[in-house]
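Residue-level structural notes
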Amino acid sequence: MKLKIAVLPGDGIGPEIMKQGVAVLDAVAAKCGHEFTYEEALVGAHAIDAVGDPYPDATHEVCMKADAVLFAAVGDLRYDNDPTAKIRPETGLLAMRKKLGLFANVRPVATFNCLLHKSPLKEELLKGADFVVIRELTGGMYFGEKYQDNDKAYDTNIYTRPEIERILKVAFEMAQKRNHHLTVVDKANVLASSRLWRQVAKEMESQYPDVNTDYMFIDNAAMRVLTEPRFFDVIVTENTFGDILTDETSCITGSMGLQPSSSLGLHTPLFEPVHGSWPQAAGQNLANPLAQILSAAMLLEHFGLNKEGALIREAVNASLDANVRTPEIQVEGGAKYGTKEVGAWIVDYINKV
């Protein structure tokens with residue numbers, strides 16, 4: 001198969017982990033007889049520095065012409081520490097999602113047996129946890145009308161029926177492919193937008209009679225994700241709740257450096273790790289590249305290359321079992337490996353297997 005991939009390294013640790021993701025894709029292509037070509041483009045703080053726009057038109061053109069986008073991270077301390085900044089790296093990410101029509105963020109959450117001890121949660125709660133969070137990505141407060149002055153500020157949490165229906169369709173169909181259990185997370189006891197979510201979900205239930213659908217308020221869901229993670233199969237929720245809930249799930253995997261994701265919608269699909277840019281660690285060879293590498297696996301699987309995706313997952317699991325790990329997940333007394341070394345080990349594994 002031939003795939004044209006837009007590569008957006010972004011800021012902070014982004015360029016470092018992206019190199020490893022691309023190296024793994026190249027190893028798979030050589031191993032399995034595929035042809036992957038790449039076009040790199042600016043995004044985030046790097047794009048602001050270069051052209052004054054965190055998601056330039058030129059980058060959008062690259063993304064639209066590609067079969068898929070492999071993205072790393074955006075964010076820079078210069079903007080994090082300046083609440084008055086009129087333009088921010090993260091606005092580029094939001095613009096990219098909107099312009100590409102990426103309304104569905106798919107974030108798998110699964111445990112690695114050899115890393116259960118790295119979670120702050122009890123191992124007996126975690127073992128076997130395996131679920132997916134479907135987050136609506138282009139609506140809600142992040143995109144609603146905004147206002148701010150010295151004394152007042154607001155963000156409008158607006159959703160329309162078509163926006164809700166399309167994300168629920170993704171979630172119901174995902175549940176059908178998995179264990180036929182869908183949990184709709186909202187705050188319908190307080191928020192009008194959530195009541196519309198619940199109304200639409202109730203109406204759609206009859207279209208998916210093989211799916212067991214339940215409903216949960218966000219505060220209860222946030223608690224049960226940590227106390228009963230094995231209860232869940234597929235979770236669907238709105239943008240803001242999904243952002244917070246999916247970061248919380250890093251407590252289950254033991255590190256945000258292990259969580260990949262995909263963003264799907266109207267145009268080019270995008271694949272990215274869920275962690276941020278960690279600018280404090282940039283250039284220090286400390287960042288865990290596994291989420292970026294697993295995002296590459298999700299990219300391949302999206303195009304039906306399931307054996308190739310499984311090969312990457314096998315290599316990642318082998319690296320963890322061999323204690324080839326970056327510092328935040330390394331066992332006590334284990335050998336020191338950095339971003340480059342972990343990536344190289346996985347490439348070597350793919351070449352030899």
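This section reports on the structure supplied with the text.

Calculation criteria
- Within each chain, residue numbers correspond to sequence positions counted from 1 in written order.
- Whole-chain, interface and lining totals are the exception, using all residues; otherwise, since this is a predicted model, local features are given only for residues with pLDDT of at least 70 and side-chain atom pairs are given and counted only at 80 or more.
- Each side-chain value is worked out from all heavy atoms of the structure, with water and hydrogens disregarded.
- By the criteria applied, helices consist of DSSP H or I runs no shorter than four residues and strands consist of E runs no shorter than two, each listed in order from the N terminus.
- Here the globule rule is a power law, 2.2 Å times the number of residues to the power 0.38, and the radius of gyration is based on C-alpha atoms.
- Any residue under 20% of the maximum accessible area for its type is buried, any over 50% is exposed, and the rest in between are partly exposed; the area is computed with a 1.4 Å probe on protein chains only.
- The contact definition used throughout considers only heavy atoms, calling two residues in contact when any of these lie within 4.5 Å.
- Every accessible area reported is derived by Shrake-Rupley at a probe size of 1.4 Å, with residue values counting cover from the shown protein chains alone.
- His is not counted here, nor are the chain ends, while Lys and Arg score as positive and Asp and Glu score as negative.
- Charge placement uses NZ in Lys and CZ in Arg. For Asp and Glu, CG and CD serve respectively.
- We define a nonpolar core as any set of buried Ala, Val, Leu, Ile, Met, Phe, Trp, Tyr and Cys residues linked to one another through side-chain atoms lying within 4.5 Å.
- Think of a salt bridge as a Lys or Arg side-chain nitrogen and an Asp or Glu carboxyl oxygen that are within 4 Å of each other.
- Using a 1 Å grid laid over the protein atoms alone, points where a 1.4 Å probe fits but cannot get out form a cavity; open sets with protein on both sides within 12 Å along at least 5 of 7 lines form a pocket; any residue with an atom within 4 Å of a point counts as lining.
- Grid points are joined across faces, edges and corners, and a volume is the space filled by probe spheres set on the points.
- Ten residues, namely Ala, Val, Leu, Ile, Met, Phe, Trp, Tyr, Cys and Pro, are considered nonpolar, four, namely Asp, Glu, Lys and Arg, are considered charged, and the remaining ones, Gly among them, are considered polar.
- Stacked, edge-to-face and tilted labels apply to pairs of Phe, Tyr and Trp rings (six-membered ring for Trp) whose centres lie within 6.5 Å, assigned for plane angles under 30 degrees, over 60, and everything in between, in that order.

**As for the overall build of the protein chain**
When you go through the protein chain residue by residue, the secondary structure sums to 14 helices and twelve strands. For 353 residues, the compact-globule estimate of 2.2 N^0.38 gives 20 Å, and the C-alpha radius of gyration of the protein chain, at 20 Å, lies within 12% of that figure. Across its three principal axes, the protein chain shows a C-alpha extent of roughly 55 × 50 × 40 Å. For the protein chain, with 353 residues in total, the buried portion stands at 53%. Restricting the contact set of the protein chain to residue pairs at least 6 apart, pairs at least 24 apart contribute 75%. Summed over all atoms, the accessible surface of the protein chain reaches about 15300 Å², with 53% contributed by carbon and sulfur. A gap of 2 Å separates the mean positions of the 35 positive and 47 negative side-chain charges of the protein chain.

**Re the nonpolar core**
Formed by 42 residues in total, the largest nonpolar core has its most connected members in Leu300, Ile312, Ile346 and Ile350. Secondary structure elements with two or more residues in this core: β1 (2–10), α1 (14–32), β3 (68–73), α12 (290–302), α13 (306–321) and α14 (339–352). Apart from the residues lying within four places of it in its own chain, the contact partners of leucine 300 are Leu3, Leu25, Val28, Phe36, Leu305, Glu308, Gly309 and Ile312. Ala104, Leu182, Val234 and Val236 belong to the second-largest nonpolar core, a separate cluster that totals 23 residues.

**As for the side chain of arginine 97**
Mapped onto the elements, arginine 97 comes out in helix α5 (residues 89–100). Within the buried core, arginine 97 has no salt-bridge partner, and the shortest N-O distance to an opposite charge, that of glutamate 272, equals 4.2 Å.

**Notes on the layout of surface pockets**
Here the largest pocket is characterised by a volume of approximately 740 Å³. Around the largest pocket, the lining is made up of 27 residues, and of these Val106, Pro108, Met298, Glu301 and Arg313 lie nearest the centre. Looking at side-chain class alone, the lining of the largest pocket contains 15 nonpolar, six polar and six charged residues.

**Here we look at the environment of glycine 265**
Turning to its location among the elements, glycine 265 is positioned in the loop between β11 (260–264) and β12 (270–273). With 95 residues separating them in the primary sequence, glycine 265 and valine 170 have C-alpha atoms 9.8 Å apart. Ignoring any residue separated from it by four or fewer positions in sequence, one finds glycine 265 in contact with Gly101, Leu102 and Phe103.

**What to know about the packing of aromatic side chains**
Applying the stated criterion across every chain, the model contains six aromatic pairs. For the pair phenylalanine 172 and tyrosine 208, a centre-to-centre distance of 4.5 Å together with 0 degrees between the ring planes defines the contact as stacked. Of the two residues, phenylalanine 172 is situated in helix α7 (residues 161–177) and tyrosine 208 in the loop between α8 (192–204) and β9 (212–217); the sequence distance between them amounts to 36 residues. When sorted by exposure, phenylalanine 172 lands in the same class as tyrosine 208, which is buried.

**Some thoughts on the environment of glutamate 228**
Residue placement: glutamate 228 occurs in the loop between α9 (218–227) and β10 (234–237). The partly exposed category is assigned to glutamate 228, whose relative accessible area is 37%.

**Concerning unusual backbone geometry**
Negative phi is the rule for most residues except glycine; trans is the rule for most peptide bonds. Phi angles above zero are rare outside glycine, and tryptophan 278 is one such case at about 40 degrees. Of note, tryptophan 278 is situated in the loop between β12 and α12. Phi at asparagine 285 is positive, roughly 60 degrees, even though this residue is not glycine. Checked against the element boundaries, asparagine 285 lands in the loop between β12 and α12.

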